[in-house]
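Residues per chain, in single letters:
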Amino acid sequence: MLARILSVGLLAGLVAGLLVAVLQQVTTTPLIVAAEVFETKAADQPAATAQTVHDHGTHEHGTHEHGGHDEGWKPADGLPRLFYTSLATIVTAVGMALLMLAAMVVTGEEIDDRRALAWAVAGFVAFGLAPAAGLAPELPGSAAADLVARQIWWAATGCATAIALWMFFKSEKAILRALAFAVLLAPHVIGAPQPHELESRVPAELAAQFTALSLVVQASLWVLVGIAIGLLWPRLVRRPAT
Amino acid sequence: MASTSVPVSGSTERQETLRAAFVAALLGLSLVFLTGFAQPQLLHNAAHDTRHSLSFPCH
């Protein structure tokens, strides 16, 4: 069983990750590179930040510093950057595929093409749409609250939504469905950590375009992982040891 | 005799399945943590564009 999960997870993640790496290269990466130009310009000349959301008499930055973005090693622009971004996307896709397979196996779900796709769509709703309702996908240089607080809220919201969806679709009892709805809403009632100042260094048009594209890229990754799992799982049946 | 051996082998199979799922989940979580959440500068910079484009919180 473990060998089957690992081989399907690896293969599905590899295929989906590679395809999405190509998609990123023509959608989100050019916007990130464009945003970095504004970010660097704004950091060099803080007084002339024409692209901020609103003017401040005393422009203070530092509340949402870029976390030492220019410090330490980072892949050079061009091929090295493409390589590491693609590698990270493939590794993420493999991780997502393994988590989805583990969840389907534990809940006793039969794995076929339709069910795998349905779980992938639910995965996107849980870990893409629901966290985005509180923390919009953002470009480098956007205003943001403390990183760890946002990471915790993001992960907790994803898990809560996933559990809520599972409870809702797998339970016939009205009380459990009502509870699922409460679990779904809870992270949003608590609220995501927000920046103290709504001060972004990137133009709003770029940020809006990036938010939409980033959700499309994430949806594509989930759907491709789901399709790949649905296709591969029935074909990689463990052969009986003879 | 045969009737008692069926549930035993069934539960052994279930245990094996759960163990496999646990290992897969642990591995999957570690991979997603490395690319999406880990703080060290090296990992952050290598996975930077992926974190942004898959809407993980970054910076």
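Each value, and the rule that gives it
- Residues numbered from 1 in each chain as written.
- Chains lettered and ligands numbered in written order.
- Predicted model: local features only at pLDDT ≥ 70, side-chain atom pairs only at ≥ 80, totals over all residues.
- Helix = DSSP H or I, 4+ residues; strand = E, 2+ residues; numbered from the N terminus.
- Buried ≥ 20, exposed ≤ 12 C-beta atoms within 10 Å, placed from the backbone.
- Contact = placed C-beta atoms within 7 Å.
- Nonpolar A, V, L, I, M, F, W, Y, C, P; charged D, E, K, R; others polar.
- Axes fitted to C-alpha atoms, helices over the stretch in contact; angles between N-to-C directions.
- Parallel < 35°, antiparallel > 145°, perpendicular 65-115°, else oblique.
- Left-handed = near helix turned anticlockwise from the far one by under 90°.
- Expected span 1.5 Å × (residues − 1).

**Q** Explain the overall build of chain A to me, please; I cannot follow it from the model alone.
**A** The helix and strand tally for chain A stands at seven helices and zero strands. Walking chain A from its N terminus toward its C terminus, one meets helices and strands in the order α-α-α-α-α-α-α. Here chain A, with 242 residues, has 37% of them falling under the buried criterion. Considering only residue pairs separated by 6 or more positions, chain A has 85% of its internal contacts joining residues 24 or more positions apart.

**Q** Just to check I follow, could you spell out the interface of chain B and chain A for this structure?
**A** Note on interface size: it is often stated as the accessible area lost on association of the parts. The interface of chain B with chain A comprises 30 residues on the first partner and 50 residues on the second. Contributions of two or more residues to the side of chain B that touches chain A are made by helix H1 (2–36), helix H2 (41–46) and helix H3 (48–53) of chain B. Residues of the side of chain B that touches chain A, tallied by class, amount to 17 nonpolar, 11 polar and two charged.

**Q** How should the packing of helix H3 (residues 79–106) of chain A against helix H7 (residues 204–232) of chain A be read in this particular structure?
**A** Describing two packed helices takes the angle between their axes plus the distance from one axis to the other. Residues and elements named next belong to chain A. For the pair H3 and H7, the least separation of the axes is 10 Å and the interaxial angle reads 60°. As the angle between them shows, H3 and H7 are arranged oblique. Here H3 and H7 pass one another in a crossing that is right-handed. Note on element contacts: H7 touches H3 through Leu221, Val225 and Ile229, opposite Ala93, Met96, Ala97, Met100 and Leu101.

**Q** So what exactly am I meant to see when it comes to the packing of helix H4 (residues 113–134) of chain A against H7 of chain A here?
**A** Residue and element names in this part refer to chain A. The geometry of H4 relative to H7 is characterised by a closest axis approach of 8 Å and an angle of 155° between their N-to-C directions. It follows that H4 is roughly antiparallel to H7 by the angle criterion. Crossing of H4 against H7: the hand is right-handed. On H7, the residues that touch Asp113, Ala116, Leu117, Trp119, Ala120, Val121, Gly123, Phe124, Gly128 and Ala132 of H4 are Leu215, Gln218, Ala219, Trp222, Val223, Val225, Gly226, Ile227, Ile229, Gly230 and Leu231. Grouping the amino acids of the contact of H4 with H7 by side-chain chemistry returns 15 nonpolar, five polar and one charged.

**Q** What is the right way to read the environment of Gln209 of chain A from this model?
**A** Its location among the elements puts Gln209 of chain A in helix H7. Residues Gln209 of chain A and Thr28 of chain A, spaced 181 residues apart in sequence, show a C-alpha to C-alpha distance of 9.0 Å.

**Q** Looking at this structure, I do not really get helix H5 (residues 147–170) of chain A. What am I missing?
**A** The α-helix winds at 3.6 residues per turn, so residues separated by three or four positions along the chain end up facing the same way. Residues and elements named next belong to chain A. Here H5 is 24 residues long and its end C-alpha atoms lie 34 Å apart, about the 34 Å a rise of 1.5 Å per residue gives. Along H5, the residues that are buried comprise Arg150, Trp153, Trp154, Thr157, Ala160, Thr161, Ala162, Ala164 and Leu165. Contacts from the buried residues of H5 go to H4 and helix H6 (174–190).

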